[in-house]
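Spelled out from the first residue to the last, the chains are:
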Amino acid sequence: MEDQTGLTEKYLDIVPTCDNELKPFVGRIFTSIQDFVDCYKTYAHTVGFSVRSWTCKKDTQGQISYKYFVCSKEGGKSKKQLLESTVTGKELSRKRTITREGCKATVGVKRIGENKYKVVTFQESHTHELCTPSKKHFLRSNRKVGNVQKNLLSTLDRVNIGPSQAFHIIKEQVGGYANVGFTIQDARNYARDLKALIGDSDAHMFIHNFEIQKQRDPSFYYAFQLDNDAHLKHVFWSDSTARYNYSLFGDLLSFDTTYSTNKYSMIFAPFTGINNHRLSITFGAGFLADEKSDSFEWLFDKFIDCMSGNKPSLIVTDQDPAIRSAIVKCFPTTTHRFCMWHIMKKLSEKVGGHLNSDISFQSHFKSCVWHSETTVEFETTWISIIDDYGLTKNDWLAHMFDLRSMWIPAYLKETLLSGLLRTTSRSESENSFFNHFVNNKLSLVEFISRFDSAMDAQRQKILKVNHDTLYGKPKLKTGLWLERSASEIYTHSNFYQFQDELWSASVGCMIKNSKKIDEERTVFTIIDSCNPNSKDRNVLFSLSNTLCDCKMYETQGIPCRHIITTWKSQGVNELPSYCICKRWTRTPRHQAIIGGVTEISEEERRRLLLSNVWSQLFRCMEIAKEDDEALNDLLNIGTSWEKKYLSRGLTVDVLHIANQVFPLA
């Protein structure tokens, strides 16, 4: 036999052997074309070859009259096609193997009546070797990314797990590559095709998703703006949970635009707050086409409208002048401060490598920024550092000194809860949180899916700490009634901060002297030996209020060790109401949730149903894992179920049946 390159090879005539019941022999009747297709594919995959559709003829009513399938190695390229690249001198961009070898194996059916198809031709022999059992899962017609696998690939994509890694997870789950049902390239192709499907409809699908959420959740808020070419320019969204959280914790707001989240280079701008567990919560988010002042004004106006006109008392941002200008217009009564994390992150870049590695400079600079208690102390120390390290010509440091009231803690002593700005870890953790879910190659549709997954993760974490606070008690150190009182009022994270101050008051603070001002007020001078650099503190005590010049309660919402030392001396056994910051308590406020969630969509219902089936299957496997008989029962149930519903495909009805088949847990 002469092959496609003109060379002579040995002619093969291989007839597969298998049970006759599997063969689509001539004269066999099928009740549908799908039954015929399933029969031939099952036969082909059993004996070891792949098939593809060939000729099909329909009558005037559109019904199939003839249908033929052939071996995937049927046919071949002409000599001209095979030698084309050599003749033209062009290199193929991708080297492909020749898979067609002129195989004559074929099968065909003819329609002989209503729902009756008869096999009229069946050529069994092949001109090539058949696939061995260990390689059958590579046969093209034996591979398919099914609905269940597509759902799992999409689910894993929501948490930033790509198709390659997802494939290996599925492989481990099903017990080997041969059981996956498709190859790693099929998984990549599915992800590629999904992106292609989104294509130019990305923005439309993105907004349509919000329309669906609005139907499910009447309190879901979204707004968008198009440019002159009808392209998406700005968008903002927030759901009922985020809006409710803002009604509780909207006094403090962080606004950050430093994320790379999508392939269009649109600016992702989440609005973030801090809840009563000191965890970050997202109040809403937006996309902007640019970083101009009017763009930020549009976004802030929509945010204010979404939150019923309620504005925060403190907002923290980076140093973008466009943001600063927009805040002046949209939040005129809100205190605006710069994020310490962004500023300190730039320090190493702005001072140069020699000072960046200078431990002495780093120590002095950070001490000046973080530990200066007064504005005079800060300014004196700053000027000294600038002179000592030869930084008088550093324009960035000079500019930051001009803006010192916007970011140095010493200037924020009178700003309520400004002490929360003293740590850079919150902004850093939020960057890490969002960057774990998103990247700069995502379409908008892919982004919103991952954003929703990120919100699920954020809220699940909050549910967990709520549960721990409700059903668990923190461990007490001192046995004082004051400590017990605080443990019943604060959430755990805030109680432990109070406990640290109480412990310091008990072991490291004492009253140096006291001076009575009038019948109600007394000033106590407290020695604080817990901190070697700490100076004596003055506490003004009365039954209606207690103030300390360290300002810890004003800036952090937790009574300081100096106040607690005074309380102990005055026999205060319960946390006074005037020193309870409501936002740090177990029940910060009692307010009704904004709106509610109505009936879920059909798409969401199917997704939840599929998730329930997976959960039920895993529970069954967990129960049966140590019992061979039980495992065989499950295997038999699955095999019989597969045979029964194979031709129908995976539908909602079948999922419902599957949920009933596995009721063990």
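Residues numbered from 1 in each chain as written. Predicted model: local features only at pLDDT ≥ 70, side-chain atom pairs only at ≥ 80, totals over all residues. Heavy atoms only, no water.

An unreviewed UniProt entry lists the protein chain under the name Protein FAR1-RELATED SEQUENCE 5, from Platanthera zijinensis.

(A) Quick peek at the overall build of the protein chain. Looking only at helices and strands, the protein chain has 23 helices and 16 strands in total. Counting all 665 residues of the protein chain, 42% fall into the buried class. Within the protein chain, counting contacts between residues at least 6 apart in sequence, those at least 24 apart form 63% of the total. A total accessible area of about 36200 Å² is found for the protein chain, and carbon and sulfur atoms account for 51% of it. (Helix = DSSP H or I, 4+ residues; strand = E, 2+ residues; numbered from the N terminus. Buried < 20%, exposed > 50% of the residue type's maximum accessible area, 1.4 Å probe, protein only. Contact = heavy atoms within 4.5 Å. Areas by Shrake-Rupley, 256 points an atom, 1.4 Å probe, with all protein chains shown as cover.)

(B) The packing of helix α10 (residues 340-351) against helix α12 (residues 359-371), seen in detail. Packing of α10 against α12 leaves a shortest axis separation of 13 Å and a crossing angle of 150°. In terms of their interaxial angle, α10 and α12 are classed as roughly antiparallel. You can see that α10 and α12 cross each other, and the crossing is right-handed. Taken together, the residues of α12 that come into contact with α10 (itself represented by Met340, Met344, Leu347 and Val351) are Phe361, Gln362, Phe365, Lys366, Val369 and Trp370. (Axes fitted to C-alpha atoms, helices over the stretch in contact; angles between N-to-C directions. Parallel < 35°, antiparallel > 145°, perpendicular 65-115°, else oblique. Left-handed = near helix turned anticlockwise from the far one by under 90°.)

(C) Region of interest: the sheet that holds strand β8 (residues 252-255). Read from one edge of the open sheet, seven strands run β6-β7-β10-β9-β8-β11-β12, paired in mixed fashion. The open sheet has two edge strands, β6 (221-226) and β12 (335-338), and neither has a second partner. Going from strand to strand, the sheet's axes swing by 20° on average, the running direction of each strand aside. Inspection of the sheet shows strand β9 (residues 267-274) paired to strand β10 (residues 280-288) by eight bridges, in the antiparallel sense. Within β10, the position partnered with threonine 272 by the bridge is threonine 282. Set on the sheet, helix α7 (residues 240-249) makes contact with β6, β7 (232-238), β8, β9 and β10; between it and β10 the angle comes to about 120°. (Pairing = 2+ DSSP bridges.)

(D) Broad picture of a negative patch on the surface. A cluster of like negative charges, contributed by Glu626, Asp627, Asp628, Glu629 and Asp633, occupies part of the molecular surface. As for its position among the elements, aspartate 628 is in helix α22 (residues 628-645). On the basis of relative accessibility, which here comes to 58%, the residue aspartate 628 falls in the exposed class. (Patch = residues over 30% accessible without salt bridge, like charges linked within 9 Å, V, L, I, M, F, W, Y side chains within 5 Å. Salt bridge = Lys/Arg side-chain N within 4 Å of Asp/Glu carboxyl O. Lys, Arg positive; Asp, Glu negative; His and termini not counted. Charge placed at Lys NZ, Arg CZ, Asp CG, Glu CD.)

(E) Quick look at unusual backbone geometry. Of note in this structure, arginine 278 is not a glycine but carries a positive phi near 65°. Structurally, arginine 278 can be placed in the loop between β9 and β10. Backbone geometry places serine 308, a non-glycine residue, at a positive phi of 55°. If you trace the backbone, serine 308 turns up in the loop between α8 (293-306) and β11 (314-317).

(F) Geometry of the nonpolar core. Counting residues in each nonpolar core, the largest one holds 34 residues, and the members touching the most others are Leu482, Tyr490, Phe498, Ile564, Trp567, Leu575 and Trp584. Elements supplying a minimum of two residues to this core: β11, α17 (481-489), α18 (492-508), β14 (522-528), β15 (537-541), α19 (552-556) and α20 (561-569). The biggest single contributor to this core is α18, with four residues. Core analysis: the next-biggest nonpolar cluster, separate from the first, contains 32 residues, Ile281, Phe283, Trp298 and Phe331 among them. (Core = buried A, V, L, I, M, F, W, Y, C linked by side-chain atoms within 4.5 Å.)

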